Structures are given as structure tokens and as C-alpha cells.
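# Inside the fold
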Amino acid sequence: MFDPVIGFTADLITALAGPLGSTALAIVVFTLLVRLLLLPLSVMRARGERTRIRLAPEVRKLQKRHGRHPERLQRELAALYARERTSPLAGCLPSVAQLPFLMVTYQAFVSSTIAGQANALLTHGLLGVPLGQQFAGTVAGFGLLSGPTLVFAGLFLLLVAVAWVASRQTRSTMSEDVQPAALRRMLPLLPYGTVLVAAVLPLAAGIYLLVTTAWTTGERAILHRPALAGG
């Protein structure tokens, strides 16, 4: 079912790689195009989050009033969100919408054939590392202290840096109402999960992950800055 989409993605990345002179750079540009496409969803999420912050006092009142009647509470909350034309799930839309793009990018660099033809993208690389290579395979083939392994190490360090910024953003914007306490401690750690994900993805998908998480961090700093919060 995804074969035509994977083929189109591979052709697009190849077409971008020509004038750019680098398939890795083409993946960066491809990722930026994807995020531009999803920008309206991100704006929707920012507006939804501001609305939910504004509604937080009313939500707490409903929770106190109907806490012993979960079904009634859910009906009242649903009615409140409906009146405000928002949803508790609105903030998940950009992340969910990105999954197909990440899956397609992953398949484009792990499939030996695309549309019945040998996958030429697998022959491209970054600083000597094939873009279809995974971290474990790189360590097994070249050793832990090798140039190709250092390419992945650089990727991981950049992901850690982005995750650190994202974690600080989470801590600064997290509501005191987030319960239980264990969840409050866990949420700031979630951005670091991108490093673990990149460790099992091909290098190409890891590049996509780095660019898209960096975009998300910058986007959040702009769309959620205090100056816009009252708008």
C-alpha cells in the first residue's frame, strides 16, 4: 500500500540531492518541507494549548464537583471542550501526523528494492557511512572507536542537545496540575527518548528525527512564547 509513496519519497530525495550535491542534505530539506506542510497543525496545537490553559480553572471545578461520578465528569468536560471548539487530543495532531512521514523515510532506506528496482539510495552516505546503516551494524563492522561510529556519536550528541532544550521547555510550561508526581518527573525526560530511537534507526531516519525534533523545539519557542500566550 505504501510502495507508491515510498517510491515518490525516494524520487523526491534523489531529485533534491542532485542540485544540493548531498543525499543527507536532501533529507534535511525534505524534512523541512514536511514540517512546513504540517505547520497549520502546529498553530492549531498552540491555540488549543492556550485555550486549555485558560479553561484549567473550570476543569478543576468540574473535577471537584463530579469527581465521584466519572461518566458525568467526562460528559461535562466534553461539553466544555465542545463549547470552546477544542479537544484534549489537539496537541497530539502534529506528532501523529509525522509518523507516516517517518515510516516512509525509514522504509526508503531499509528496502533493498523500490518499485521493483534496486534501491540506489542505499549506496549514498554521510562521511563514509551508508545512509541505510544502523548504529549496531556500524559498530560491528567498523568498531566502537572508528570514523563511521563517530558520525552516529555526533548525531546522538546533537539529539541530546535538542532534547535538553525541549526538556527545559517542558519543565517551564508544565502545569502544577499534572498528576501523579511520577508523571511530572517523567515528562521532562521523554525528549531524551529520541536518542534511543535514533540508535535503532538507519542513519537517514536519524537525520530526519534530528531535524524534525529541532524544528519542534524552535517552533514551540516561537508559538508558545509568553507574548503570544495572551493572544
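Residues numbered from 1 in each chain as written. Predicted model: local features only at pLDDT ≥ 70, side-chain atom pairs only at ≥ 80, totals over all residues. Heavy atoms only, no water.

### A few points about a nonpolar patch on the surface
The condition that has to hold: Any residue with relative accessible area above 30% and no salt bridge may belong to a patch, with like charges joined within 9 Å and the nonpolar Val, Leu, Ile, Met, Phe, Trp and Tyr side chains within 5 Å. All accessible-area figures derive from a Shrake-Rupley calculation using a 1.4 Å probe, and residue coverage is judged against the displayed protein chains alone. Salt bridge, as used here: a side-chain nitrogen of Lys or Arg that lies within 4 Å of a carboxyl oxygen of Asp or Glu. Only DSSP runs of H or I covering at least 4 residues are called helices, and only runs of E covering at least 2 are called strands; the numbering of each starts at the N terminus.
Taken together, Leu-33, Leu-36 and Leu-39 make up a surface patch of nonpolar side chains, about 240 Å² in accessible area. Along the chain, Leu-36 falls in helix α2 (residues 23-66).

### Here we look at the side chain of Thr-9
Using the following cut-off: Only protein chains enter the accessibility calculation, which uses a 1.4 Å probe. A residue is then buried if its area is under 20% of the maximum for its type, exposed if over 50%, and partly exposed in between. Throughout, a contact is declared for two residues whenever any of their heavy atoms are within 4.5 Å.
Position of Thr-9 relative to the elements: it lies in helix α1 (residues 3-20). Judged by its relative accessible area of 4%, Thr-9 falls in the buried class. Discounting residues that sit within four places of it in the chain, Thr-9 has contacts with Phe-30 and Val-104.

### Here we look at the pattern of salt bridges
By the definition in use, this model includes 1 salt bridge. With a shortest N-O distance of 3.4 Å, Arg-35 and Glu-219 are connected by a salt bridge. Of this pair, Arg-35 sits in helix α2 while Glu-219 is found in helix α9 (residues 203-223), placing the two residues 184 residues apart along the sequence. Judged by its relative accessible area of 6%, Glu-219 is buried.

### Side note on the packing of aromatic side chains
The description of an aromatic ring pair rests on the distance of the ring centres and on the angle between the ring planes. Convention followed: Centres within 6.5 Å make a pair out of two Phe, Tyr or Trp rings, where for Trp the six-membered ring is used; the pair is then stacked when the planes are under 30 degrees apart, edge-to-face when over 60, and tilted otherwise.
In total, this model carries 4 aromatic pairs according to the counting rule given. The interplanar angle of 45° and the centroid separation of 6.4 Å between the aromatic rings of Phe-30 and Tyr-208 together place this pair among those described as tilted. Placement of the pair is Phe-30 in helix α2 and Tyr-208 in helix α9, with a sequence separation of 178 residues. Each member of the pair, Phe-30 together with Tyr-208, is buried. Centre to centre, the rings of Phe-152 and Phe-156 are 6.1 Å apart; their planes meet at 50°, and the pair counts as tilted. With Phe-152 and Phe-156 both in helix α6 (residues 147-173) and 4 residues apart, the pair spans about one turn of that helix. For the residue pair Phe-152 and Phe-156, the accessibility class agrees, reading buried in each case. Through a chain of ring-to-ring contacts, the aromatic side chains of Phe-135, Phe-152 and Phe-156 assemble into a single cluster.

### As for helix α8 (residues 193-200)
Residue pairs spaced three or four apart in an α-helix point in one direction, given the helix's 3.6 residues per turn. Stated precisely, the cut-off is as follows: Arc, as used here, means the arc of the directions from the helix axis to the C-beta atoms.
Within α8, burial applies to Thr-194, Val-195 and Ala-198. For α8, the arc enclosing every buried residue in end-on projection is 100°, short of the 170-degree limit, so these residues lie on one face. Of the exposed residues in α8, those oriented more than 90 degrees away from the buried face are Leu-196 and Val-200.

### Here's the deal with unusual backbone geometry
Phi at Leu-127 takes a positive value of approximately 55°, unusual for a residue other than glycine. Here Leu-127 lies in the loop between β3 (125-126) and β4 (129-130). Leu-127 gets classed as exposed once you look at its relative accessible area, which sits at 71%.

### Observations concerning the nonpolar core
Quick reminder of the rule: Side-chain atoms within 4.5 Å are what join buried Ala, Val, Leu, Ile, Met, Phe, Trp, Tyr and Cys residues into a set we call a nonpolar core.
One finds Ile-13, Ile-27, Phe-109, Leu-131, Leu-203 and Ile-207 to be the most contacted residues of the largest nonpolar core, which totals 36 residues. Secondary-structure elements contributing two or more residues to this core are α1, α2, α4 (93-108), α6, α8 and α9. Per-element accounting of this core gives the leading share, 8 residues, to α9. Residues in contact with Ile-207, not counting those within four places in the same chain, are Ala-24, Ile-27, Val-28, Leu-126, Leu-131 and Leu-155.

### Concerning α1
Quick note on the threshold: For a helix, the expected span equals 1.5 Å multiplied by the residue count minus one.
Counted at 1.5 Å a residue, the expected span for α1 with its 18 residues is 26 Å, and the 25 Å between its end C-alpha atoms agrees. Downstream of α1 by a residue or two, Gly-21 has a phi angle that is positive, lying close to 75°.

### Describing the environment of Leu-203
Mapped onto the elements of the fold, Leu-203 is located in helix α9. Separated by 52 residues in the primary sequence, Leu-203 and Val-151 place their C-alpha atoms 9.1 Å from one another.

### Here's the deal with the environment of Ser-167
Note on placement: Ser-167 falls in helix α6. Accessibility expressed as a relative area gives 5% for Ser-167, which makes it buried. As for Ser-167 and Thr-217, which are separated by 50 residues in sequence, their C-alpha atoms are 9.5 Å apart. Those residues within four positions of Ser-167 in sequence are excluded, and the remaining contacts are Pro-188, Pro-191 and Tyr-192.

### Comments concerning the confidence of the model for the chain
In plain terms, the rule: The predictor's confidence in any single residue is recorded as pLDDT, a number from 0 to 100.
Chain-level statistics for the chain give a pLDDT mean of 80 and a share of 84% at 70 or above. The least confident element of the chain is helix α10 (residues 226-229), whose mean pLDDT is 43; the most confident is α8, at 90. Confidence over residues 227-231 falls short of pLDDT 50; this stretch has 5 contacts with residues more than four positions distant or in other chains.

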